[in-house]
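Observations on chain architecture
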Amino acid sequence: MKRLAVILAALMITAFALPVSAAQVSLGGNLKGEVWYDFGKGPGLTTDLDLALNVGLVGGQTVKGVIKLKPIEWTFMSETGKTVASVVNPVGAIAIDTAYLEAVGPYWLGGPVVATRLGDLQIEYSPYILDTKILDGVSVSGMNFGPMAIDGFYAWDAGVPVRGAHAAGRISGVGLDAAIAKIANDEYNYVVSAAATPISNVAIEGIYAGQTTTNSSALRIGGAFGLPYGITATAGYRRTATEFDPKYRLGGEDDPLLGEHGVAAITGAVSTNVRGFGIVVDGEILGADNDGKLDDERSIGASVATNVMGFGLSAKHRITQNLAAETVTNKTGLGIAMAEREVMPAIRMAADYSMTVTNFSIHDVRHVAHASVSSGIPALSGVRLSGLLDTNPAPDANGQPTPGRELKAEYGAPNGVTLGYTYNNIGTNKVFAGMEVSF
C-alpha cells in the first residue's frame, strides 16, 4: 500500500491548492499530540494524524481517500551534555497504518448504491472467523439481492490471497447471517447463524463456525422463554474445539472464544423482578478437556440487585464444584454503585465499590473501588479527578498486568490544551499536556 499512500498524499497536497470555488472537494482529518514527563523514564512525545480527502461527483456519488499514520513516539535522553531525541518505535516510525480509496455510488445509472474500497480493508464479517484490518485489496459492500445484503472482498496478506463473502438478511421471519473466507488455496473458514421467534415469548439462536484445515468447529445454541408471572428462562449449549483457530478471527477482550477452547457446556438460568428486586438463578455443567463430555465442573449461582435512593445495590453467591480435583469453591460478592450526580453545588461525582470473598475467608477478599469527580465551577471548569483501587488485579485478555492503584487528574483549559497527571503501580508516574484538532 506504499504506492497508494504516496498517491493519496499527493492528492491531498493538491487539494490545498484548489480554488475556493471547487466546493465539491474537501480535506479533513484529525491531529493530536501529547508531551509528557515520566518521573521514572524521562520526557516523551507522541503524535497521531489522520487525513481524509472527499471528492463529490455528479449525482451525489463520492470518492474518499484516507491516510492514517501510525502514532510516532519519541523519548529524550541526555548524552554528553546534549539532549538527544530518539524514536521509541523505529520500525513503524513515520509509517502508514491505513491507506485506502472508497467510492460510494452505483456501477450503472439507476443501479444500487454500493461502497467500493481499494487499499487497506476493514473486514468485520464475523468475530468467529473474520474480523480484521490487516488485509490489502478490494472490497464491495451493500449489494442487495431481494431480502439479502451481500458483501465481498479479494485481498492479500504478505502475498497470500484471501477472499471471502458475507450475506445477511431476513427470510420468512428468520434472521440469517453467513460468511466464508478462503485463505490461499486449501483453507476455508465459514460461519452460519440463524435467529427466530417461532412463537410468542420464545426466541432461539444458533451459530456454527468451521475451519477445514483442522476439521474443527465452534457451536453455540441458545434460547429465551417468557413464562408466567414475569419469569424469563434461558438455556444454552456451547462447544469449541481446541484446534479451532481461524487466522483472522477477532482477538483481545472482545473475542467470543476467549477461554473457550476445548470447552463444552450446558447453561441455564431463570430471572424475574419482585418489588424492585432483580433476581437471577443460573447454573452450568462444563467439560474442559476437548472430548465433549460434561464431566469436569458444575456450578450454580444466585444474584439480587436493586436500586435504593439512586444507589445500585447487588449481592451474589456462586458454588463451583471441580469434579476432577474433588474441590468446592464458594464466591460471595457485594456491590454498591452511584451514577454520576451532583453531590455539592457544581460538583459531580460517580463511584462504585465491590467486594468478593472466596470460601468465606477474610484472608481471601478482593476489593475494587472506582471514583471520579468533575466540577462545573467556572474557576475549576474542565477539571476531572478519578481513582482506582483493586486489591487483587487480574491480567487483561493479552496477559498483561493491570493496575491495582491508579490516580488520574485532568484539566481541559479554555485554549484547547489538556493538562494532566497519571500514576499507577505498574510503572506510570507522569505529567502530560496534549492537544487535538479536527478539520
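Definitions and cut-offs
- Residues numbered from 1 in each chain as written.
- Predicted model: local features only at pLDDT ≥ 70, side-chain atom pairs only at ≥ 80, totals over all residues.
- Heavy atoms only, no water.
- Patch = residues over 30% accessible without salt bridge, like charges linked within 9 Å, V, L, I, M, F, W, Y side chains within 5 Å.
- Areas by Shrake-Rupley, 256 points an atom, 1.4 Å probe, with all protein chains shown as cover.
- Salt bridge = Lys/Arg side-chain N within 4 Å of Asp/Glu carboxyl O.
- Helix = DSSP H or I, 4+ residues; strand = E, 2+ residues; numbered from the N terminus.
- Pairing = 2+ DSSP bridges.
- Core = buried A, V, L, I, M, F, W, Y, C linked by side-chain atoms within 4.5 Å.
- Buried < 20%, exposed > 50% of the residue type's maximum accessible area, 1.4 Å probe, protein only.
- Contact = heavy atoms within 4.5 Å.
- Phe/Tyr/Trp six-rings, centres within 6.5 Å; stacked < 30°, edge-to-face > 60°.
- Lys NZ or Arg CZ within 6 Å of the ring centre and 35° of its normal.
- Polar contact = N/O pair within 3.5 Å; in protein donor to acceptor, adjacent residues only side chain to side chain.

Looking now at a nonpolar patch on the surface. Together, V270, V274, F277, I279, V281, I300, V304, I319 and V328 line one region of the surface with nonpolar side chains, adding up to about 660 Å² of accessible area. Where the nonpolar patch is concerned, the elements lending two or more residues are β16 (264-274), β17 (277-287) and β18 (297-308). Of the residues forming the nonpolar patch, the biggest block, 3 residues, is contributed by β17. Here I300 is to be found in strand β18.

With that settled, the discussion passes to the pairing of strand β6 (residues 96-105). It is a general feature of regular strands that their side chains alternate between the two faces of the sheet. By the bridge criterion, 8 bridges tie strand β3 (residues 62-69) to β6 in an arrangement that is antiparallel. Opposite L69, over in β6, you have I96 as the bridge partner. By the bridge criterion, 6 bridges tie β6 to strand β7 (residues 114-126) in an arrangement that is antiparallel. The residue of β7 that forms the bridge with G105 is V114.

Next up on the list: the pattern of salt bridges. Considering all chains together, one arrives at 13 salt bridges under this definition. A salt bridge links D50 to K68, with the nearest nitrogen and oxygen atoms 3.2 Å apart. Of this pair, D50 sits in strand β2 (residues 42-56) while K68 sits in strand β3, and the two are 18 residues apart along the sequence. A salt bridge links R249 to D245; the nearest nitrogen and oxygen atoms lie 2.8 Å apart. Within this structure, D48, D50 and K68 form a network of salt bridges that share partners.

In this structure, I123, I129, L130, L135, F153 and F244 are the most contacted members of the largest nonpolar core, which totals 21 residues. At the level of secondary structure, the elements contributing two or more residues to this core comprise β7, β8 (130-145), β9 (148-157), β11 (174-183) and β13 (202-211). Look past the residues within four positions of I129 in its chain and what remains in contact with it is A179, I180, N189, Y190, V191, A209, F244, P246, Y248 and R249.

Looking now at the pairing of strand β24 (residues 405-412). Relative to β24, strand β23 (residues 383-390) runs antiparallel, the two sharing 7 bridges. Along β24, the bridge assignment pairs S386 with K408. Pairing analysis gives 7 bridges linking β24 to strand β25 (residues 418-424), with the strands arranged antiparallel. Directly across from Y411, in β25, lies its bridge partner L419. Between the antiparallel neighbours β24 and β25 lie 5 residues, among them G416 with a positive phi of about 95°.

Below, the discussion takes up the packing of aromatic side chains. Counted under the stated rule, the structure contains 4 aromatic pairs. Between the aromatic rings of Y190 and Y208, the centroid separation amounts to 6.4 Å while the plane-to-plane angle is 35°, which identifies the pairing as tilted. You can see Y190 sitting in strand β12 (residues 187-199) and its partner Y208 sitting in strand β13, a full 18 residues away along the chain. Taking the relative accessible area as the measure of exposure, Y190 reaches 30% and is therefore partly exposed. For Y208, a relative accessible area of 37% translates into the label partly exposed. Stacked on the ring of F311, the Lys or Arg R341 has its end atom at 4.7 Å from the ring centre.

Let us look at the environment of I129. Examined against the element boundaries, I129 turns out to sit in the loop between β7 and β8. A relative accessible area of 0% places I129 in the buried class. For the pair formed by I129 and G210, sequence separation is 81 residues and the distance between their alpha carbons is 8.3 Å.

The next point concerns unusual backbone geometry. At N290, a position not held by glycine, the phi torsion is positive, near 65°. Among the secondary structure elements, N290 is positioned in the loop between β17 and β18. You can call N290 partly exposed: its relative accessible area is 26%. One non-glycine residue, E326, lies in positive phi territory at about 55°. With relative accessibility at 74%, the residue E326 sits in the exposed group.

Turning to its location among the elements, S299 is positioned in strand β18. For S299, a relative accessible area of 11% corresponds to the buried category. Side chain to side chain, S299 and R318 meet in a polar contact 3.1 Å long.

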